[in-house]
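Working through the structure, step by step
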Amino acid sequence: MSKIYFIPGSQDLYGEECLQQVAADCREMTAFLNEKIGDVAEIVLLPTVETAQICVEDMKKVMDDDDCAGVITWMHTFSPAKMWIKGLQLLQKPLLHLHTQANEKLPYDKIDMDFMNLNQAAHGDREYGFILKKLGIRHQVVAGFYQHEDVIRQIRQFAEVANAIAFSKNVTVATFGNNMRDVAVTDGNRLECQIKYGWEVKYWGIGEIAERAKDAAPELVDEKMAEYESKYTMATDDTDAVRVQARYEVAFDQFIAENGISAFTDNFQDLHGLEQLPGIAAQNLMAKGIGFGPEGDYKISAFSAVLMKMAEKRAGATGFIEDYTYDLTPGAELELASHMLEVPASFALNKPEIQVHPLGIGGKADPARLVFDGVTGDGIQVTLIDLGDHFRIICADIELVKQPEPMPNLPVARIMYRHKPNFAIGTGAWCYAGGAHHSVVSTALTREDIALFAKLTDTELVVIGDDTTMADLNRM
């Protein structure tokens, strides 16, 4: 369980009785927040900042605790901001500035100067907001009474995004082979990814998996086959082909555990030693939270792992997808998104079927894969691109829909969605913004989640949705 440290601000100007009340109010607030969002992160109260030294000591605790994902700060009274400078300069974790009060309503008939001095977040938080701006610290402000549902929702969202950022800083991507030859958008600067997001992108030959798969213990392969048969419908007689995928997944499991891997890539142009392109193996691993990017796409591999982490406490599906083809019926345009094989089973509307069919690419044996129709509902499509001098996140609102007609001759996962506000603007904006054909689709996350991640990681963000107009396209 991760932690979010709660650091209140005050000073000694108002006397010991005031400071004792500040501490009591903060204990009450911390207990309340733990009741509401303790399943996402434990809220831990630190000493009230009354001096610069206390602030430094608090921030050192924050930075020294690997389990701490972020910080919530609140100025209960007026807390002169110069006291915060040295401590804030140590902080390198996400920060939420909670602009609230211990009381919801004013006691109009009893209010006096003692009450005013104690409950002056309107004063203290403005002083604090100034120093955050002066220091250039990226942060989130949540304003309102801390017990109100919308405020709780925003604090929970911050904790989920902070957890994802903490996870991001420890992501290791195993790239089995390099990028697909001649493809531009999947390439980029691996070193900058590590500096910016913490992603360590490391190369291994696909032979690492081929050798492990060849030597996979039969009992482990049997266990994997039993897992497949319990989760999916076996719609093929070619169980030998399915066992190949089971051997691959056993190999990936071992490799991932031994090397601390959070995400991986493969490439159909580099399958030396493998009988098939990994299909079920990749799909099943993604459904368990392991990031994936095909054709060596290390950015989307890492990004998918981070977004799955962000969404892990929510209902809905999150995972890799590829833009494929369109239905351009006027006024009812739809996109069919899929991939050769690798779409996570978390997107399945019903129980997926295991099927074996020719692939027509890669030059290997017919691979076993999961075939299913996709879930429906509102969602987002997100991608991350490397523009050389900076990264850009592109986030589009979409509506996942039921396929209009059966597709009996398309044995892959089939995800269909409608672009917002319409096809021309939605897809046009994506192209103007440089959006990749590999992305992460989620029915669990929202544009607001991605915007907070972009803000806290200082990443350029382009959003597309019902509020996007044709005039916006030329500004992208």
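Use the structure listed above.
Residues numbered from 1 in each chain as written. Predicted model: local features only at pLDDT ≥ 70, side-chain atom pairs only at ≥ 80, totals over all residues. Heavy atoms only, no water.

Let's talk about the overall build of the protein chain
This is how the line gets drawn: By definition, any uninterrupted DSSP run of H or I lasting at least four residues is a helix, any uninterrupted run of E lasting at least two residues is a strand, and each is numbered from the N terminus. We compute the radius of gyration from the C-alpha atoms alone; for a globule the expected value is 2.2 Å times N to the 0.38, where N is the number of residues. Using a 1.4 Å probe on the protein chains alone, a residue whose accessible area is under 20% of its type maximum counts as buried, one over 50% counts as exposed, and one in between counts as partly exposed. Note on contacts: a residue pair qualifies if any of its non-hydrogen atoms lie within 4.5 Å across the two residues. Surface accessibility in these figures is a Shrake-Rupley result with a 1.4 Å probe; residues are shielded only by whichever protein chains are displayed. Positive charges are assigned to Lys and Arg, negative charges to Asp and Glu, while His and the chain termini are left out of the count. Charge positions are represented by NZ for Lys, CZ for Arg, CG for Asp and CD for Glu.
Of regular secondary structure, the protein chain possesses 15 helices and 19 strands. Taking 23 Å as the expected radius of gyration for a compact globule of 476 residues, we find that the protein chain reaches 25 Å, a close match to that expectation. In terms of overall dimensions, the protein chain has a C-alpha envelope of 80 × 55 × 40 Å along the principal axes. For the protein chain, with 476 residues in total, the buried portion stands at 55%. Of the contacts made within the protein chain by residues no fewer than 6 positions apart, 79% connect residues no fewer than 24 positions apart. Split by element, the accessible area of the protein chain, about 20,200 Å² in all, is 50% carbon and sulfur. Within the protein chain, the 70 negative side-chain charges are centred at a point lying 3 Å from the centre of the 43 positive side-chain charges.

Digging into a nonpolar patch on the surface
Defined as follows: To count toward a patch, a residue needs a relative accessible area above 30% and no salt bridge. Like charges then connect within 9 Å, nonpolar side chains (Val, Leu, Ile, Met, Phe, Trp, Tyr) within 5 Å. One speaks of a salt bridge when a side-chain nitrogen belonging to Lys or Arg is within 4 Å of a carboxyl oxygen belonging to Asp or Glu.
Together, Leu106, Tyr108, Ile111, Met113 and Met116 make up an exposed nonpolar region whose accessible area comes to about 540 Å². Residue position: Ile111 is located in the loop between strand S4 (95–99) and helix H4 (113–118). Ile111 gets classed as partly exposed once you look at its relative accessible area, which sits at 34%.

Here we look at the layout of surface pockets
Where we set the bar: Residues are called lining when one of their atoms sits within 4 Å of a cavity or pocket point, these points coming from a 1 Å grid over the protein atoms alone, where a cavity is a set in which a 1.4 Å probe fits but cannot get out and a pocket is an open set with protein on both sides within 12 Å along at least five of seven lines. Grid points are joined across faces, edges and corners, and a volume is the space filled by probe spheres set on the points. In this classification, Asp, Glu, Lys and Arg are treated as charged, Ala, Val, Leu, Ile, Met, Phe, Trp, Tyr, Cys and Pro as nonpolar, and every other residue, Gly included, as polar.
The computed volume of the largest pocket comes to approximately 820 Å³. Taken together, 30 residues form the lining of the largest pocket, with Gln92, Lys93, Pro94, Ile165 and Lys169 sitting closest to its centre. At the level of secondary structure, the elements contributing two or more residues to the lining of the largest pocket comprise strand S3 (68–75), helix H6 (149–168), helix H7 (190–197) and helix H14 (447–456). It is H6 that contributes the most residues to the lining of the largest pocket, 5 residues altogether. Its residues assigned to classes, the lining of the largest pocket comprises 14 nonpolar, 7 polar and 9 charged.

Re the pattern of salt bridges
Any two side chains of opposite charge can pair, given that their charged atoms come close. Taken as a whole and assessed by the stated rule, the structure comprises 26 salt bridges. Residue Arg156 pairs with Asp39 through a salt bridge whose shortest N-O separation is 2.7 Å. One end of the pair, Arg156, is in helix H6; the other, Asp39, is in the loop between helix H1 (16–37) and strand S2 (42–45), and 117 residues separate them in sequence. Accessibility expressed as a relative area gives 36% for Asp39, which makes it partly exposed. Of the charged contacts, one joins Asp222 and Arg243 as a salt bridge, the two residues approaching to 3.0 Å between their closest N and O atoms. Residue Asp222 is found in helix H9 (residues 218–231), and its partner Arg243 is found in helix H10 (residues 239–259); the two are separated by 21 residues along the sequence. A single network of salt bridges, built from pairs that share partners, joins Lys224, Glu227, Lys231, Glu249, Asp253 and Lys288.

Observations regarding the side chain of Asn284
With respect to the helices and strands, the residue Asn284 is situated in helix H11 (residues 280–287). For Asn284, the residues in contact, after removing those within four places along its chain, are Glu227, Tyr228, Lys231, Tyr232 and Glu249.

Notes on the sheet that holds S4
Convention followed: DSSP-based pairing: two strands are paired if at least 2 bridges between them are found. Note on geometry: axes are C-alpha line fits, over the in-contact stretch for helices, and angles between N-to-C directions span 0 to 180 degrees.
Pairing is parallel across the open sheet formed by 5 strands, whose spatial order is S2-S1-S3-S4-S5. The two strands at the open ends of the sheet, each matched to only one other strand, are S2 and strand S5 (140–143). Averaged over all pairs of adjacent strands, the angle between their axes in this sheet comes to 25°, without regard to strand direction. Along the sheet, H1 makes contact with strand S1 (3–9), S2, S3 and S4, crossing S2 at roughly 170°. The strands touched by helix H2 (residues 52–64) are S1 and S3; relative to S1, the strand with the most contacts, the crossing angle is about 170°.

A closer look at a negative patch on the surface
Residues Asp237, Asp238, Asp240 and Asp366 make up a contiguous surface patch of negative charge. Among the secondary structure elements, Asp238 is positioned in the loop between strand S8 (233–234) and H10. A relative accessible area of 34% means that Asp238 is categorised as partly exposed.

Structural notes on the packing of H10 against H11
Condition: Angles below 35 degrees are treated as roughly parallel, those above 145 as roughly antiparallel, those between 65 and 115 as roughly perpendicular, and all remaining angles as oblique. For any helix crossing, the convention is left-handed if the near helix is rotated counterclockwise from the far helix by under a right angle, and right-handed if that rotation is clockwise.
Put simply, H10 and H11 touch, their axes get as near as 8 Å, and they point 45° apart. Between H10 and H11, the angle is such that the two are oblique. Crossing of H10 over H11 shows right-handed handedness. Residue-level contacts link Val242, Gln245, Tyr248, Glu249, Phe252, Asp253 and Ile256 of H10 to Ile280, Ala281, Asn284 and Leu285 of H11. Across the contact of H10 with H11, the residue classes tally to 7 nonpolar, 2 polar and 2 charged.

A word on H7
Inclusion rule: Here a polar contact is recorded for every N or O atom pair within 3.5 Å, except that within protein the pair must consist of a potential hydrogen donor and a potential acceptor, and residues adjacent in sequence are included only if both atoms are side-chain atoms.
The residue sitting at the N-terminus of H7 and contributing the capping side-chain oxygen is Asn189; that oxygen lies 3.0 Å from the backbone nitrogen of Leu191. Positive backbone phi, at 90°, marks Gly198, one or two positions downstream of H7.

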